[in-house]
Structures are given as C-alpha cells and as structure tokens.
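Fold and contact review
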Amino acid sequence: MQIETFKIFCDLADSRSFSKAASANAITQSAVSQQIRALETRFNVTLIERGRRNFSLTVEGKAFLEASKEILGVYDHLGDRLRELHNVVAGELRIAAIYSIGLHELPSYLKIFRKQYPDVEIHVEYHRSAQVYSEVLNGDVDLGFVSFPAPRKGLRIEPFIEDRLVLICHPTHRLALRPRIRLEEVEGEKFIGFDPDLPTRKVIDRHLKEYQVAINQTLEFDNIETVKRSVEIENGIAIVPRNTVDAEVQSGALVAVEIEKPEMRRPIGILMKRNRSRSAAQREFLGMLQDIKKKEKPSNGQSLGESRKEVNGESRPRG
C-alpha cells in the first residue's frame, strides 16, 4: 500500500466526489474506485455507503479516515524530524484562529517566530469558533486559537492569555470622556454586538442579565471588524476585547472606556489534537508562546495583552 492511497481516500471523504478526488490526484475516477475497493478488500470492511444520490462513510470508513489523516500527518512531518538531526527547525505550521485573535493577537507573536525560524512556512486560516474546533479535530491544522475554550473529546486545551473587555464608542459619544464606567451606565444605550452564538456575546449577555441592564440591541455581526466599523458610523456602543481596538484608539476613530464593575475578561486557549505527534515547528512555537506568557505577568489590573505592549516598549493611549 502506498502513501498516496491514504491521500486519495481523504480527498474522497472530504470532497464526497469521486471526480473531484480523481482531479486532485491527477488520476481517473476508475482509479479512485479501484483504490477504494482494494482498501476494502485488504481490510475486509466496507468504507463507503454506495448510492446514487447520497455519499457517506461507514463507521469503519470514519475510523479509517481519522487513521489516514494521522498517517499523512506523520509522513508530512517526516522531513521535519530528519532536519531536527541537524538542529534545523523547518517545515509547515498550520494555524486556525477566530477572526479577532488571528487579526489582532497572533501577528506580533508570528512576527517574532518568523524572525527566529525563517525556514518555517506558516499558514493562518480565519474561521468562526466552531470551525476552528473542527479543523483541529480533523487534523487539518496543527493549532487552533479560540476565546473561552470549551473541552472537547479528542482535544487538548492549553490556556494562553486573557484580554480585558472594554466599552468602545465614537469620540463624540456621551461616555467618551469617561475613563471608566460601571455596566449599569449603559442602560438604554444603542448597542452593537456579536452574533448570539458567539462565546464573547454569551458572556456579555450573561453580565447584562446579572446586573439587570437593558440595552437597545440594534445590530449584530459575526466578526470584530464589522462591529468596530459600525460603532464608528452608527454612534452606538459595543463591548469588545481591548487588544482588538488598538489601531482605532490610536488614530482617534474610537474611544475605549474601561468597565470597572464587573471586570470582564476574555480567555484565549490553544487547541491541539490529542495523541498526535508534534513537529519541531509546533514545539518551538508553543515553547515561544509560553516563554512570552511567563514574562508578561500583568500588574495593576492590566491584561496580559496590555502588559505585552509595555514589554515591547509601546505606549497605549488611554481610553
């Protein structure tokens, strides 16, 4: 059995199409069918439910798919292991992150890592939280970054950093001159929020309910960038992670106001698939993140992200 057979099966399972699997591997549809039948004959199982309309994997097919991805993962990182013998960290590092983390939290860390390990090719994908979990579980990426990480079977979660949630508003808004507020002070405000199924939205809603604060929910979006743009033009307010609004606060487009009661924080976790071998690039990247985390012990109520700005010698405008 050749390694290409496992790839063909994975491509077929992912695309649910014999023609697409054939095209992806530069072979004929007949060759794909022959490869699958050869696998079924060798292991004496049925891997695919064959029907005119529906394509689905059997229980054995799903188990074979997971094993195939693990085998391909080991094969893909074989070169990395051999290069380790010569103390060279190279290869690929595949990361999936929710939009706010991928756009605002990760770039500074990736910049440091790329400088230290220029031979590592880093690929970053941006997804909603549920998709990040799926990508890691399926072995499509090496690491996932999500907020408010939740335990999942087959996943290992490594706590990373926390970011404080703040209120943002237009500079002309009535709350813009306040250095800090209590949550009760947003009563009746025009509120621009995240979609109800997003973890950050659920935490904000829970605090609003706990403090019996009624807001005027006008708009809902699935990503931080659209929320920020809407606050800029709608003159409403939003509650977002502090590190995601640095550029807008520095430019004067938005004002960030601390919420002193309750203090809301957004924990960020790193997702990894359990029982999966780690490449040198993954180990070095995780090690770098943990080293930075240890150096960024926040004080005076700062978040780890805020502390990082000072470690890097950057001043943060007061919101």
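Residues numbered from 1 in each chain as written. Predicted model: local features only at pLDDT ≥ 70, side-chain atom pairs only at ≥ 80, totals over all residues. Heavy atoms only, no water.

**Structural notes on the overall build of the protein**
For the protein, the helix and strand inventory stands at twelve helices and twelve strands. The buried share among the 319 residues of the protein stands at 47%. Partitioning the intrachain contacts of the protein with sequence separation of at least 6 by distance along the chain shows that 74% fall at a separation of at least 24. (Helix = DSSP H or I, 4+ residues; strand = E, 2+ residues; numbered from the N terminus. Buried < 20%, exposed > 50% of the residue type's maximum accessible area, 1.4 Å probe, protein only. Contact = heavy atoms within 4.5 Å.)

**Here's the deal with the nonpolar core**
Counting residues in hydrophobic clusters, the biggest one holds 35 residues, and the most contacted among them are Leu-93, Ile-95, Leu-143, Phe-145 and Phe-285. Counting only elements with at least two residues in this core, the list comes to strand E3 (91–98), helix H6 (99–116), strand E4 (120–127), helix H7 (129–137), strand E5 (143–147), strand E6 (155–169), strand E12 (265–273) and helix H11 (280–295). Excluding residues within four positions of it along the chain, Leu-143 makes contact with Leu-93, Arg-94, Ile-95, Ala-96, Val-136, Ile-270, Leu-271, Met-272, Phe-285 and Leu-286. (Core = buried A, V, L, I, M, F, W, Y, C linked by side-chain atoms within 4.5 Å.)

**A closer look at the environment of Pro-241**
Tracing the sequence through the fold places Pro-241 in strand E10 (residues 237–241). Residues Pro-241 and Ile-224, spaced 17 residues apart in sequence, show a C-alpha to C-alpha distance of 9.0 Å. Here Pro-241 is in contact with Asp-163, Arg-164, Leu-165, Ile-224 and Arg-266, once residues within four sequence places are set aside.

**Some details on the side chain of Arg-266**
Summarising the element assignment, Arg-266 is placed in strand E12. With a relative accessible area of 1%, Arg-266 lands in the buried category. Side chain to side chain, Arg-266 and Ser-100 meet in a polar contact 2.7 Å long. (Polar contact = N/O pair within 3.5 Å; in protein donor to acceptor, adjacent residues only side chain to side chain.)

**Digging into the confidence of the model for the protein**
Segments scoring low in pLDDT should not have their predicted coordinates read at a detailed level. When the pLDDT values of the protein are averaged, the result is 85; 88% of them are 70 or greater. Within the model, the stretch residues 298–319 combines pLDDT values under 50 with 50 contacts to residues more than four positions away or in other chains. (pLDDT = per-residue confidence, 0-100.)

**Comments concerning the environment of Arg-278**
Mapped onto the fold, Arg-278 is located in the loop between E12 and H11. Taking relative accessible area as the criterion, Arg-278 reaches 18% and is therefore assigned buried. Taking the C-alpha atoms as reference points, Arg-278 and Asp-142, 136 residues apart in sequence, are found 8.2 Å from one another. Among residues more than four places away in sequence, those in contact with Arg-278 are Met-272, Lys-273 and Arg-283. For Arg-278, the side chain forms a polar contact with the main-chain oxygen of Lys-273, separated by 2.7 Å.

**Quick word on the packing of aromatic side chains**
One pass over the structure, following the stated rule, counts seven aromatic pairs. When the ring of Phe-9 is compared with that of Phe-64, the centres are 5.0 Å apart and the planes differ by 85 degrees; the resulting orientation is edge-to-face. On the criterion of sequence distance, the pair formed by Phe-9 in helix H1 (residues 3–15) and Phe-64 in helix H4 (residues 59–76) is long-range, its members being 55 residues apart. Phe-64 carries the same exposure label as Phe-9, and that label is buried. Ring geometry for Phe-113 and Tyr-117: centres 4.9 Å apart, planes at 45 degrees, overall tilted. Across the pair, Tyr-117 and Phe-113 agree in class, each one buried. By the ring-pair criterion, three or more aromatic residues cluster together here, those being Phe-6, Phe-9, Phe-43 and Phe-64. (Phe/Tyr/Trp six-rings, centres within 6.5 Å; stacked < 30°, edge-to-face > 60°.)

**Quick notes on the pattern of salt bridges**
Scanning all chains against the criterion turns up 21 salt bridges. A salt bridge links Asp-246 to Arg-242; its shortest N-O distance comes to 3.1 Å. Per residue, the accessibility class of Asp-246 equals that of Arg-242, and both read buried. It is possible to trace a salt-bridge network through shared partners that takes in Glu-225, Lys-228, Arg-229, Glu-232 and Glu-248. (Salt bridge = Lys/Arg side-chain N within 4 Å of Asp/Glu carboxyl O.)

**Describing the side chain of Ser-68**
Position of Ser-68 among the secondary structure elements: in helix H4. Those residues in contact with Ser-68 that sit more than four places away from it in its chain are Phe-6, Phe-9 and Cys-10.

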